[in-house]
Amino acid sequence: MKKGLLVFILLLAVAPWVVPPFYVTLLNYIGLYGLVALGLMLLTGVGGLTSFGQAAFVGLGAYTTAALSTGVIELPAAFAWSQHSPWIALAAGLLLTLAVALILGALTLRLSGHYLPLGTIAWGISLYYMFGTFERLGGQTGMSGIPPISVFGYQLTTANQMYYLIWVFALVAALTTQNLLDSRQGRAIRALKGGVVMAEAMGVNTARSRMVIFVIAALQACASGWLYAHLQRFVNPSPFSLQYGIDYLFMAVVGGAGQVWGAFLGAGVITVLKQWLQDLLPSLLGRTGNFEMIVFGALLVLLLQRSRSGLWGLLARLAAKVLPKRTVQRAPPTPVASADPLPRRAMPPRGEVVLQARAVTRRFGGLVANNAMDLTVHAGEILALIGPNGAGKSTMFNQLSGVDTPTSGEVLFRGQAITGRDSRDIARLGLSRSFQHVRLMPEMSVLENVAIGAHLRGSRGVLASAWRLDRAEEKRLLAEAAVQVERVGLKEHMYADAGSLALGQQRTLEIARALASDPSLLLLDEPAAGLRLQEKQALGELLRKLRGEGMAILLVEHDMDFVMGLVDRVVVMDFGQKIAEGLPDEVQKNPAVLEAYLGGVDE
Ligand code: ADP
Ligand code: MG
């Protein structure tokens, strides 16, 4: 891939010398559109947040520089020196965009489902009309006379001269975005698609991650607008309309949702295709009209039918078929070298009460899923929570881990009340869990999935990640993840896509992910379901070992043989209530338990 990138950059560098001016202009637009599509790729393709409003941010960038560099808006005397500098205008545009994005993000990102795209349409339209409303900004006619950009005293007046600046911006944006995705922060962003519950339980602040990608996408769009204004030397409101917002979204989706270079592929294909159809169709049909839009729409529908991962996905699959296997197979991203191990939490002394639930009750309407449940888990102990299907075990796990909030009752973790607190705060205290219905990122590698669990053990931010200043920490995080992958016996699948594992192995992956957070309490919801006998034995060994290290483990399990040989104590639930508690042997003979199990069908 590194070689591919070099070739791409080389081709871009020589292009203006070998292709006719018309194509240089086309490439300029591909760079500008690609820059916007790149942000959308991050926002929509990776983060799953759909925005139709990106064109408005392009407009903010274009209008800020138009107004400042032409002097339409005068700066206060103290800043007069910077009045006509496009570079100061870029900084101003980015700041303005940052402020607007933070406000719009705060207002709209909380919306779920289709309300979010509708929200982006709403502010996209309002910003568009704002550009045309102010007389000073030229109304619908716009503003002309925008000065060219100077780089080191060298004025960029022609399309060929702007070309390099545009593509430097595009490439820097692409590479920093790529870097960001391949980092701790990037994993937190990619985890958004796996659902809020999993990401938050692993300590990810999902609201923040959403805001981060929203702001990045807005800033990239703003930079594109700035470049656009100085390429055209003229702005009016029309290129910042909703129509363009839709086009940008198409580019991101067609190119390949979630692929950095897909954004540029999408921008390229759509720009060229539109141009080409516009020339071709009228001569073919002998009539003029907007035929290109019709054919274009049909092609898009066809493509999305064929490949949900866009053109990039289509090409990747083709390459996998045509090229020799070795070249396509994903190389271990960063071969996990030994690194300074991350600091570990001090385990609580054996026997200490780690988790205590007092009279936890959870009602769903009329249903009492947990009824005055008491539970105590000690350090260095494995406690099994068993009971027929629907007894309320998973609900109990959710109350304990902050995924859900009890209707009443109290949960203490290491003496601290955690009732009603966010799951990521509880994760920070040292509680980690797996899910009965696996929640992982199928398209991320096993190693990366496990590294999500180590999120709270790193601290490097978005900027550090974008500029690769996080590598020392990243190495330690991945090394820790690799240790856990190996520990649960998935070493040979380390770099495989998590989605390619058998279901039982996916559960095991979730244990490794939970362990990567260095917890003192582990909640495992049916970890042995789907495992083969040997794998179950290995899991039993692992849990014994963890117990030996002083970890507290709470386990929901159906497999009685597995539970009985392994755990220290058992709590039995039925209809949301505790019906028995004690040593495995005692509980097994308890008449109430026998009744519950004979009454309800197991599994
Ligand atoms: P278990 O894990 O012991 O099989 P659960 O905790 O999943 O049982 O479910 C206990 C009961 O609570 C079931 O009747 C289930 O349908 C109900 N329940 C669980 N979650 C919800 C929810 N979010 N809304 C409504 N009912 C729920
Ligand atoms: Mg359950």
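Presented here is a report on the structure given in the accompanying data block.

Each value, and the rule that gives it
Residues numbered from 1 in each chain as written. Chains lettered and ligands numbered in written order. Predicted model: local features only at pLDDT ≥ 70, side-chain atom pairs only at ≥ 80, totals over all residues. Heavy atoms only, no water. Helix = DSSP H or I, 4+ residues; strand = E, 2+ residues; numbered from the N terminus. Buried < 20%, exposed > 50% of the residue type's maximum accessible area, 1.4 Å probe, protein only. Areas by Shrake-Rupley, 256 points an atom, 1.4 Å probe, with all protein chains shown as cover. Lys, Arg positive; Asp, Glu negative; His and termini not counted. Charge placed at Lys NZ, Arg CZ, Asp CG, Glu CD. Salt bridge = Lys/Arg side-chain N within 4 Å of Asp/Glu carboxyl O. Phe/Tyr/Trp six-rings, centres within 6.5 Å; stacked < 30°, edge-to-face > 60°. Lys NZ or Arg CZ within 6 Å of the ring centre and 35° of its normal. Donors = N, O, S within 2.8 Å, 3.2 Å for Na, K, Ca; no water. Pairing = 2+ DSSP bridges.

With that settled, the discussion passes to the overall build of the protein chain. Helix and strand content of the protein chain: 24 helices and 14 strands. Viewed in the frame of its principal axes, the protein chain has a C-alpha envelope of about 90 × 60 × 50 Å. Expressed as a percentage of the 603 residues in the protein chain, the buried residues total 52%. Working note: accessible area of the protein chain is about 27000 Å², and carbon and sulfur atoms make up 62% of it. The centroid of the 51 positive side-chain charges in the protein chain is displaced by 7 Å from the centroid of its 42 negative side-chain charges.

Bringing the pattern of salt bridges into the picture now. Under the definition given, this model contains 23 salt bridges. Put simply, Glu 480 and Arg 457 hold a salt bridge, and the shortest N to O gap is 2.9 Å. One end of the pair, Glu 480, is in helix 19 (residues 471–487); the other, Arg 457, is in the loop between helix 17 (446–453) and helix 18 (462–466), with 23 residues separating them in the sequence. Arg 457 shares its class with Glu 480; the two are buried. A salt bridge links Arg 547 to Asp 568, with the shortest nitrogen-to-oxygen separation between them at 3.0 Å. You can see Arg 547 sitting in helix 21 (residues 533–548) and its partner Asp 568 sitting in the loop between helix 22 (560–564) and strand 13 (569–574), a full 21 residues away along the chain. Judged by its relative accessible area of 29%, Asp 568 falls in the partly exposed class. Look at the salt bridges and you will find they share partners, linking Asp 182, Arg 468, Asp 470 and Arg 471 into a network.

Under the defined criterion, the tally for this structure stands at 19 aromatic pairs. Relative to Trp 261, the ring of Phe 8 has its centre 5.6 Å away and its plane inclined at 70 degrees; by these criteria the two rings are edge-to-face. Of this pair, Phe 8 sits in helix 1 (residues 2–18) while Trp 261 is found in helix 11 (residues 260–285), placing the two residues 253 residues apart along the sequence. The exposure class of Phe 8 is partly exposed, given its relative accessible area of 29%. The class of Trp 261 is buried, set by a relative accessible area of 12%. Taken together, a centroid distance of 5.1 Å and an interplanar angle of 55 degrees make the contact between Trp 87 and Trp 226 tilted. Note that Trp 87 is positioned in helix 4 (residues 86–108) and Trp 226 in helix 9 (residues 206–232), a separation of 139 residues in sequence. Ring pairing ties together the aromatic residues Phe 8, Trp 167, Trp 261 and Phe 264, which thus form one cluster. For the cation-ring pair, Arg 439 lies above Phe 435, with the distance from its terminal atom to the ring centre recorded as 5.1 Å.

In this section: the coordination of the magnesium ion (ligand 2). Bound to the magnesium ion (ligand 2) are the protein donor atoms Ser 394 (OG) and Gln 436 (OE1), situated 2.1 Å from the metal. One end of the pair, Ser 394, is in helix 15 (residues 393–401); the other, Gln 436, is in the loop between strand 10 (431–433) and helix 17, and 42 residues separate them in sequence.

On to the pairing of strand 6 (residues 367–378), then. By the bridge criterion, 8 bridges tie strand 5 (residues 353–364) to strand 6 in an arrangement that is antiparallel. By the bridge assignment for strand 6, Arg 363 is matched with Val 368. Linkage of strand 5 to strand 6, two consecutive antiparallel strands, is achieved through a turn of 2 residues, within which Gly 365 is found at a positive phi near 60 degrees.

By themselves, these figures tell us nothing about what the structure is for.
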